[in-house]
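Listed here are the chains, written in short residue letters.
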Amino acid sequence: GLVNRTVRQRYVLGDTAMQKMAQSHVFLSGIGGLGVEIAKNIILAGVKALTVHDTKQCTKWDLGINFFIHEDDITSQRNRAEATLHRIAELNPYVHVAASVVPLDETTDLSFLKQYQCVILTEVSLLLQKKINDFCHAQQPPIKFISADVYGICSRLFCDFGDEFEVLDTTGEEPKEIFISNITQSNPGIVTCLENHPHRLETGQFLTFREVNGMSCLNGSTHQITVVSPYSFSIGDTSDMEPYLHGGIAVQVKTPKMFYFERLEKQIINPLCLVADFSKPEAPLQIHVAMLALNHFQENFGRGPNIGCLQDAEEMLKIAMSVSETLENKPQVNGDVVKWLSRTAQGFLAPLAAAVGGVASQEVLKAVTGKFSPLQQWLYIDMLDIVTPLEKMGCEEFLPRGDRYDALRACIGDSLCQKLHDLNVFLVGCGAIGCEMLKNFALLGVGTGQDKGLVTITDPDLIEKSNLNRQFLFRPHHIQKPKSYTAAEATLNINPYLKIDSYINKVCPATENTYSDEFYTKQDVIVTALDNVEARRYIDSRCVANLRPLIDSGTMGTKGHTEVIVPHLTESYNSHRDPPEEEIPFCTLKSFPAAIEHTIQWARDKFESSFSHKPSLFNKFWQTYPSAEEVLQRIKSGESLEGCFHVIKTLSRRPRSWTQCVELARVKFEKYFSHKALQLLHSFPLDTRLKDGSLFWQSPKRPPFPVKFEFNDPLHYGFIVSAAKLFATVYCVPFTEKVIHTATVFPSHNLDVPVQFWPDVVQTDETARKPDHIPVSSEDERNAIFQLEKSIVSNEALENDLQMKPISFEKDDDSNGHIDFITAASNLRAKMYNIEPADRFKTKRIAGKIIPAIATATAAVSGLVALELIKVVGGYPADAYKNCFLNLAIPIMVFTETAEVRRTEIRIIIKMYIHHTIFTVFTNFTCMNKKEFSTPKSK
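Think of each chain on its own: its residues are numbered from 1, step by step along the sequence as written. Totals for whole chains, interfaces and linings use every residue, but because this is a predicted model, local features are given only for residues with pLDDT of at least 70 and side-chain atom pairs only at 80 or more, for both listing and counting. Values shown for side chains rest on all heavy atoms present in the structure; no hydrogens or waters enter the calculation.

- Where an unreviewed UniProt entry is consulted, the chain appears under the name E1 ubiquitin-activating enzyme, with the organism given as Accipiter nisus.
- UniProt positions are given in the numbering used here, feature names are shortened, and annotations may be inferred rather than shown by experiment. In the Sequence similarities (unreviewed entry) part of its UniProt record, the chain is described as follows: "Belongs to the ubiquitin-activating E1 family."
- Looking at the chain in UniProt, the text filed under Pathway (unreviewed entry) is "Protein modification; protein ubiquitination."

As structure tokens, then:
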């Protein structure tokens, strides 16, 4: 159950990190809006045990910041940790969750923390943070320490993993494999990779070599490289080695890296910050000073600055000036940053907590696994872009009204809160990002207005077990229920005042009638949470046509992006195109695989052809021509029936028992893994040379060698069983597991199937595509007539014989044998070509095109989307919007201004008068008749 639940996360973290994580104990203090985000993410990820600590009671304020606190918790005056305990625990039954409500202050004996590998502090005073950090840093091994806070429109995150922290894999990326075209005999030796294949390596990385011909002493050796160009690198002295002949693969070697941390006390004075917005490189230090001033204000006055209070803001500015003098570089104080932090510090932006909570959670996973590069050592994320219009609002706009939105109101004012309540938003996709977005909508009060406002959601998918470790609105009892209906119901548990309509429609050109232009014009903003790029492009085109704002986002493993599209201000999603996915050439797949990805794709294609495409064509043919006798009559009379020869061949060879399915699988084994090699070696013997004298069989072409069938080889046996099961399914042959593994019906003599090898022509042109039709000879026609006559006479062309059961590939059902067949077929082909095989897990990812995913990245991305939503609703100018790219593994977070919409000036002649007008992708033209309207060429 755990394996099925965490499959996409396993592709992000790997098994070693997952095992370490599942043995870790974590302590989290403060289960407010930020603490509950962190708790959610690390419980979904799957630590062994989490203790949540809090001493505060639930208040109305918490309803707008903590999605697991409900109104009855306030009525019964429950402690926040106890109120949320069972709700966060049910996110993952494999994690032990405990609550602690004892005081944690300067007098507390901290020895109880020794049982934890990681300690996370939120809503804790800076003095206590320092004390706990000193304790954690001093332990052997050190307890990993993380502190995080959200104050109003600013947030901070700090990490200290001890003096030395070893990371075994800094990026999580697959080791690169580079095909070599030349190595010089020199000092240093220069390695050149194949033409048009840049190595994408960095100086200082390590490589090991294999399959080098000539300079063979390199094979198995490891070298540190220096990049020379995108296509070459140096490896040290090769002048005494044998001359390079041909071939060779350089494989990147992952080497451990040591990271060094300083205590909080020292880092406060000389902070090392991650810069997220390179247009404001000074911002992290400015916020660092402002937040330290806020901490001093809290210590001096025993409270935070009052909401919108200018007097408190002035006092905090004085403190900031003196704090700056105590820091090593004496950074400049930004008065506006200090003032707005002071004015909003009592408030809380839930989407900001989602963003920083996602990053903080990933740091927790790094701390307990040693996987990925840790944050060194501060990160500041802010929403200072929104303050300019807020300047004009009176202080009363920000004051509490006694409802669940007081924390939000303190940050953005009541007018903007009301706009959010009255918003009509269309959310496409209720997967991981979609669930997180609905949580953000509920906390912001989107679509809760009395007269206006509605959240419309759609998702055609049903909930699968593998969704449960990221899509946090779903529970085990929801499996196989529609995502959209379930997500809507769960969102109402967070905010029962939300108005939400849920649908199970796909959004694509085929559903234009469902989502008409009229529907789009009723939406104030569209938010996409989809994997499918084509669907996103289609939705963008509808938004452009109907002048609706669109916020797009996506994740892949620890990477994520957000993009804001605002009519007339920014470019559209379709204004730019990602480079197309590189297709594997047909001849590479068919005859010259060089990597395991090629053999997996070949096996995936074989599955599609044998068990889906051909059975579908077979059924279609017999639906067109209902009887074998009619078909025989027509082909005897010389009529050409499309596809009939392949259909008749399939009919004549149709297996009718489990034993015959086994024999058919054995025939396929011989054809795929023996005859194919014999064919290639017949056409191109090992000593074949090209016109320039070079060997035909040299990198990246690998010569194949026939695989001799061995009954006792698990790989060979596995292929036969999985292929026979699939043949039995498509040919409607009954079988049981007992039948499969009973020796009497699976004897070795059934597998000694003689199949004669006949040489054929091999395609070597890389630009060639798979042919649509293979010509049929007159001999094939005669054979077809004979075979069909034989089937009719033998009563083997009856109605049931003219039907097959096509199989749709399904990667998530481990009992159906689909991945088993593809893994066995791929690895047998890899063995034939001497390619490193892949395990079932890797094969499943590649064949199933599974996108690696983890809750930390989806939470961070959804928070950033919701922050941009606030700006869209507020009608902010173009320079306020930010697109973001993040990779939590490295970690980097890069904010950039949105690209300005491209404007083109044209001249329009109307009734002999020339008009100059500007148009963009968002401009709509109404065409009149020719006499009234004509347009010359645009400039």
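### A short note on the overall build of the chain
Phase 1 of the analysis: Strands are runs of DSSP state E lasting at least 2 residues, helices are runs of H or I lasting at least 4, and numbering of each runs from the N terminus. Check the secondary structure of the chain and you find 30 helices and 27 strands.
Phase 2 of the analysis: We compute the radius of gyration over the C-alpha atoms and compare it with the globule rule, which gives 2.2 Å times the number of residues raised to the power 0.38. What you see for the chain is a C-alpha radius of gyration of 33 Å, in line with the 30 Å of a compact globule of 939 residues.
Phase 3 of the analysis: Taken along its principal axes, the extent of the C-alpha atoms in the chain is 100 × 80 × 65 Å.
Phase 4 of the analysis: Note on classification: 1.4 Å probe, protein chains only; a residue is buried when its accessible area is under 20% of the maximum for its type, exposed when over 50%, partly exposed between these limits. In the chain, buried positions account for 54% of the 939 residues.
Phase 5 of the analysis: Expressed as a percentage of contacts within the chain between residues at least 6 apart in sequence, the contacts between residues at least 24 apart total 73%.
Phase 6 of the analysis: On the chain, roughly 42000 Å² of surface is accessible, and the fraction owed to carbon and sulfur atoms is 52%.
Phase 7 of the analysis: This count recognises Lys and Arg as positive and Asp and Glu as negative, with His and chain-terminal groups excluded. By convention, charge coordinates are those of NZ in Lys, CZ in Arg, CG in Asp, or CD in Glu. For the chain, the distance from the average position of its 97 positive side-chain charges to the average position of its 110 negative side-chain charges is 4 Å. In what follows, residue pairs with any heavy atoms lying within 4.5 Å of each other are defined as contacts. We get accessible surface area from the Shrake-Rupley algorithm with a probe of 1.4 Å; when it comes to residues, only the shown protein chains can shield them.

### Some remarks on the layout of surface pockets
Phase 1 of the analysis: Space inside and on the surface of the protein is sampled on a 1 Å grid over the protein atoms alone, with a cavity defined as a set of points where a 1.4 Å probe fits but cannot get out and a pocket as an open set with protein on both sides within 12 Å along at least 5 of 7 lines; lining residues have an atom within 4 Å of a point. Grid points are joined across faces, edges and corners, and a volume is the space filled by probe spheres set on the points. By volume, the second largest pocket is sized at about 1300 Å³.
Phase 2 of the analysis: The wall of the second largest pocket is formed by 48 residues, among which Arg8, Asp461, Gln471, Lys483 and Asp531 lie closest to the centre.
Phase 3 of the analysis: Top element by residues in the lining of the second largest pocket is helix α19 (residues 533–545). It accounts for four residues.

### A closer look at unusual backbone geometry
A negative phi holds for most residues other than glycine; trans holds for most peptide bonds.
Phase 1 of the analysis: The linkage connecting Gln140 with the following residue, Pro141, adopts the cis geometry, with an omega of -5 degrees.
Phase 2 of the analysis: Within the secondary structure, Pro141 is located in the loop between α7 (126–138) and β5 (144–151).
Phase 3 of the analysis: Of note, the bond from Gln376 into Gln377 is cis; its omega dihedral lies within 30 degrees of zero at -25 degrees.
Phase 4 of the analysis: For Gln377, the position within the fold is in the loop between α12 (350–369) and β17 (378–382).

### Considerations on the nonpolar core
Phase 1 of the analysis: Nonpolar core, defined: a set of buried Ala, Val, Leu, Ile, Met, Phe, Trp, Tyr and Cys residues in which side-chain atoms within 4.5 Å join the residues together. One finds Ile132, Ile153, Leu349, Ile412 and Phe441 to be the most contacted residues of the largest nonpolar core, which totals 170 residues.
Phase 2 of the analysis: Here this core takes twelve residues from helix α30 (residues 855–873), the largest share from any one element.
Phase 3 of the analysis: With 68 residues, the next largest nonpolar core counts Phe607, Trp622, Ala728 and Ala784 among its residues.

### Quick word on the packing of helix α9 (residues 283–301) against helix α11 (residues 335–344)
Phase 1 of the analysis: The interhelical angle for the contact between α9 and α11, taken along N-to-C directions, is 40 degrees, at an axis separation of 9 Å. Comparing the axis directions of α9 and α11 gives the class oblique. Both α9 and α11 take part in a crossing whose hand is right-handed. Contacts from Gln286, Ile287, Ala290, Met291 and Leu294 in α9 reach Val337, Val338 and Leu341 in α11.
Phase 2 of the analysis: Classifying every residue of the contact of α9 with α11 by side-chain character gives seven nonpolar, one polar and no charged. The angle between two axes is taken between their N-to-C directions and runs from 0 to 180 degrees, where each axis is a line fitted to C-alpha atoms and a helix contributes only its stretch in contact. The cut-offs work like this: below 35 degrees is roughly parallel, past 145 is roughly antiparallel, 65 to 115 is roughly perpendicular, and the gaps in between are oblique. Working rule for handedness: look at the near helix, and if it is turned counterclockwise from the far one by less than a right angle, call the crossing left-handed; if clockwise, right-handed. Gly is placed with the polar residues, together with every amino acid not listed as nonpolar (Ala, Val, Leu, Ile, Met, Phe, Trp, Tyr, Cys and Pro) or charged (Asp, Glu, Lys and Arg).

### With respect to the sheet that holds strand β6 (residues 154–160)
Phase 1 of the analysis: Two strands pair if DSSP finds at least two bridges between them. Across the sheet, which stays open at both edges, the eight strands sit in the order β3-β2-β1-β4-β5-β6-β17-β16 with mixed pairing between neighbours. For this open sheet the edge positions go to β3 (96–100) and β16 (273–274), each flanked by a neighbour on one side alone.
Phase 2 of the analysis: Note that β5 and β6 share seven bridges and pair antiparallel. Within the sheet, the bridge partner assigned to Tyr151 lies in β6 and is Cys154.

### Some points on empty space enclosed by the protein
Phase 1 of the analysis: Summed over the entire model, instances satisfying the criterion amount to three cavities of 30 Å³ or more.
Phase 2 of the analysis: Roughly 260 Å³ of internal volume is contained in the largest cavity.
Phase 3 of the analysis: The wall of the largest cavity is formed by 21 residues, among which Asp277, Lys280, Ile381, Asp382 and Phe895 lie closest to the centre.
Phase 4 of the analysis: Counting only elements with at least two residues in the lining of the largest cavity, the list comes to α9, β17, α30 and β24 (882–887).
Phase 5 of the analysis: Among the elements that take part in the lining of the largest cavity, α30 stands out by supplying four residues, more than any other.

### Focus: a negative patch on the surface
Phase 1 of the analysis: On the surface, a cluster of negative charge is contributed by Asp461, Glu464, Glu810 and Asp813.
Phase 2 of the analysis: Turning to its location among the elements, Asp813 is positioned in the loop between α27 (778–793) and α28 (818–832). Think of a patch as exposed residues, more than 30% relative accessible area, with no salt bridge, where like charges cluster within 9 Å and nonpolar side chains (Val, Leu, Ile, Met, Phe, Trp, Tyr) cluster within 5 Å. Every case where a carboxyl oxygen of Asp or Glu lies within 4 Å of a side-chain nitrogen of Lys or Arg is listed as a salt bridge.

### A short note on the confidence of the model for the chain
Phase 1 of the analysis: Mean pLDDT for the chain: 90, with 92% of residues reaching 70 or above.
Phase 2 of the analysis: pLDDT measures how confident the predictor is about each residue, on a scale from 0 to 100. Low confidence marks residues 931–939, where pLDDT is under 50. Its contacts with residues over four positions away, or in another chain, come to twelve contacts.

### Here we look at the side chain of Gln9
Phase 1 of the analysis: By the secondary structure assignment, Gln9 is in helix α2 (residues 7–13).
Phase 2 of the analysis: The contacts of Gln9, once residues within four sequence positions are left out, are Gly14, Met18, Met21, Leu44, Ala45, Asn469, Ala853 and Ile854.

### Comments concerning a positive patch on the surface
Phase 1 of the analysis: Taken together, the side chains of Lys590, Lys614, Lys649, Arg653 and Lys671 make up a positively charged region of the molecular surface.
Phase 2 of the analysis: Checked against the element boundaries, Lys671 lands in helix α24 (residues 658–683).
Phase 3 of the analysis: Using a relative accessible area of 46% as the deciding quantity, one classes Lys671 as partly exposed.

### Remarks on α30
Phase 1 of the analysis: In this scheme, a helix's expected span is set at 1.5 Å multiplied by one less than its residue total. In a regular helix each residue adds 1.5 Å, so 19 residues correspond to 27 Å; α30 covers 27 Å between its end C-alpha atoms and thus fits that length.
Phase 2 of the analysis: For α30, a buried count of 19 out of 19 residues is recorded, marking the element as mostly surrounded by other parts of the structure.
Phase 3 of the analysis: Backbone geometry just downstream of α30 places Gly875 in the positive-phi region, at approximately 65 degrees.

### With respect to the pattern of salt bridges
Phase 1 of the analysis: Throughout the structure, instances matching the rule amount to 50 salt bridges.
Phase 2 of the analysis: A salt bridge links Arg78 to Asp73, with the nearest nitrogen and oxygen atoms 3.2 Å apart.
Phase 3 of the analysis: The partly exposed category is assigned to Arg78, whose relative accessible area is 30%.
Phase 4 of the analysis: Using a relative accessible area of 0% as the deciding quantity, one classes Asp73 as buried.
Phase 5 of the analysis: A salt bridge links Asp406 to Arg409, with the nearest nitrogen and oxygen atoms 2.6 Å apart.

### Quick notes on helix α15 (residues 414–421)
Phase 1 of the analysis: Every buried residue of α15 is accounted for by Asp414, Leu416, Cys417, Leu420 and His421. Taken down its axis, α15 places every buried residue within 160 degrees of arc, on the same side.
Phase 2 of the analysis: Those residues of α15 that are buried are in contact with α14 (406–412), α16 (432–444) and α30. Our arc is simply the arc of the directions from the helix axis toward the C-beta atoms.

### Details of the environment of Ile433
Phase 1 of the analysis: Turning to its location among the elements, Ile433 is positioned in helix α16.
Phase 2 of the analysis: Residues Ile433 and Ala855, spaced 422 residues apart in sequence, show a C-alpha to C-alpha distance of 8.8 Å.
Phase 3 of the analysis: Aside from chain neighbours lying at most four places away, what touches Ile433 is Ala529, Ser553, Gly554, Thr555, Thr858, Val861 and Ser862.

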